[in-house]
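The residues making up each chain are set out below.
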Amino acid sequence: MKVEDVMTATVTVMPDTQQVSYARNLMLKHGISHIVVVDSERKPVGIVTEKDITRKLRVAGPTWRRRPIDKISIKRVMSKDIISVPAAADIREAVDIMLRNNISSLPVVEDGKLVGIITKTDLLRVYTEKCKGRWRVSDLMTKNVITVTENHTIAHVISLMEENRIGRIVVIKDKEPVGIITSENISFAQLEDPKTGVPLEKIYFIGRASKEKKKVRMVSMLTAGDIMTKDLIKLEEDADAAEAANIMLKEKISGIPIVDGKNQLKGIITKTDIIKGIQ
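Every chain is numbered on its own, with residues counted from 1 as its sequence reads. It should be noted that, the model being predicted, local features are given only for residues of pLDDT at least 70 and side-chain atom pairs only at 80 or more, the latter also being counted only at that level, while totals for whole chains, interfaces and linings use all residues. Side-chain calculation: all heavy atoms of the structure are included, whereas hydrogens and water are not.

Another aspect to go through is the nonpolar core. Core analysis: the largest hydrophobic core is formed by 36 residues, its most contacted members being Ile118, Tyr127 and Ile269. To qualify as a helix, a DSSP run of H or I must reach at least 4 residues; to qualify as a strand, a run of E must reach at least 2; elements of each kind are numbered from the N terminus. For this core, the secondary structure elements donating two or more residues are α1 (3–6), α4 (91–101), β4 (105–110), α5 (120–130), α6 (137–140), α10 (241–251), β12 (255–259) and α11 (271–276). Counting residues per element, this core draws most heavily on α10, which supplies six residues. Ignoring any residue separated from it by four or fewer positions in sequence, one finds Ile118 in contact with Val3, Val6, Met7, Val85, Ala94, Met98, Ser104, Ser105, Leu106, Val108 and Leu123. Note on terminology: a nonpolar core comprises buried Ala, Val, Leu, Ile, Met, Phe, Trp, Tyr and Cys residues joined through side-chain atoms within 4.5 Å. Burial status follows relative accessibility: with a 1.4 Å probe on protein chains alone, a residue under 20% of its type maximum counts as buried, one over 50% as exposed, and anything between as partly exposed. The contact definition used throughout considers only heavy atoms, calling two residues in contact when any of these lie within 4.5 Å.

On to the pairing of strand β7 (residues 168–173), then. In this analysis, strands are considered paired if DSSP registers two or more bridges between them. Here strand β6 (residues 147–148) runs beside β7; their pairing, made up of two bridges, is parallel. Looking at the pairing, Thr147 lines up with Val170 of β7. By the criterion used throughout, a crossover qualifies as right-handed when its path from the first strand across the helix to the second strand runs clockwise, the strands pointing away from the viewer. Handedness of the crossover joining β6 and β7 through helix α7 (residues 154–164): right-handed. Looking at chain direction, β7 and strand β8 (residues 176–182) are connected through six bridges and run antiparallel. Of the residues in β8, the one forming a bridge with Val171 is Gly179. Counted between consecutive antiparallel strands, the loop separating β7 from β8 contains two residues, among which Asp174 sits at a positive phi close to 55 degrees.

Mapped onto the fold, Ile118 is located in strand β5 (residues 113–119). For Ile118 and Val6, which are 112 residues apart along the polypeptide, the C-alpha to C-alpha distance reads 7.2 Å.

This brings us to unusual backbone geometry. Despite not being glycine, Arg165 shows a phi value in the positive range, around 55 degrees. Within the secondary structure, Arg165 sits in the loop between α7 and β7. Look at Asn263: it is not a glycine, yet its phi comes out positive at around 65 degrees.

The description of two helices packed together rests on the angle between their axes and the distance between the axes. Between N-to-C directions, angles cover 0 to 180 degrees, with each direction set by a line fitted to C-alpha atoms, over the stretch in contact for helices. Put simply, α4 and α5 touch, their axes get as near as 11 Å, and they point 135 degrees apart. With respect to each other, α4 and α5 are oriented oblique. As for how α4 packs across α5, the hand of that crossing is left-handed. Along its contact with α4, which presents Ile91, Val95 and Met98, the element α5 presents Lys120, Leu123 and Val126. Tallied by class, residues from the contact of α4 with α5 come to five nonpolar, no polar and one charged. Each angle gets one of four labels, with under 35 degrees taken as roughly parallel, over 145 as roughly antiparallel, 65 to 115 as roughly perpendicular, and the rest as oblique. Crossing handedness is read from the near helix: turned anticlockwise from the far helix by less than a right angle, it gives a left-handed crossing, and turned clockwise, a right-handed one. Ten residue types, Ala, Val, Leu, Ile, Met, Phe, Trp, Tyr, Cys and Pro, are classed as nonpolar, four, Asp, Glu, Lys and Arg, as charged, and the remainder, Gly among them, as polar.

Okay, here's the thing in structure tokens:
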């Protein structure tokens, strides 16, 4: 199959003159995790993802990172080195490029013009159609799972994501998975100081009414347990990988914890793991 057979022809784009808040709103509105950034001639000049927002807007670093997101140019956080693919390329070439460069989408460009985009989600659909019964979850899953507990700080979670170049962390309690944190959980939490609008990495404010019905700001350390997704979908090792792909497509998720009969964590299967089965 060719890239043009499976790519998404309608691409969500944004001008390079806009701010990070514009990208965030587009992602939330359309349920997407990547946006192609174009110049005044509609030529692609960059791409921005949830991971970019998570990684580059941490409080530590240059002062511009501490501005409200409607004051930060998209040029500061987008990836400028665009890796693209031609429409006539074989989808296995697209898989290879994504895996080698640790990216989740490829703009499809012809004669310098953007004609589509191919993502891991598109390739997941290919897997469900063409590879059913080929692999079990245990054949493709990642066995060495990076985990945290509910009491780890978000700063620690982000550091683990960066160090291991991953987009999700499983939260465990007594070796059982109880939650999962993704780049989206962190990127779109948008925790800000109510006075200054400055994003905060470790502290958030909880509104609570006192006896006088006045709101009192309570300051707490933000932990993994505060923002994790708790309603986990899990699978066992002998499940068909195509079942995992179908669940990801239906539930719009990118990773599923894998457990044994005692609900003990044995691994995780992600979109990246599944598209490897196409090669």
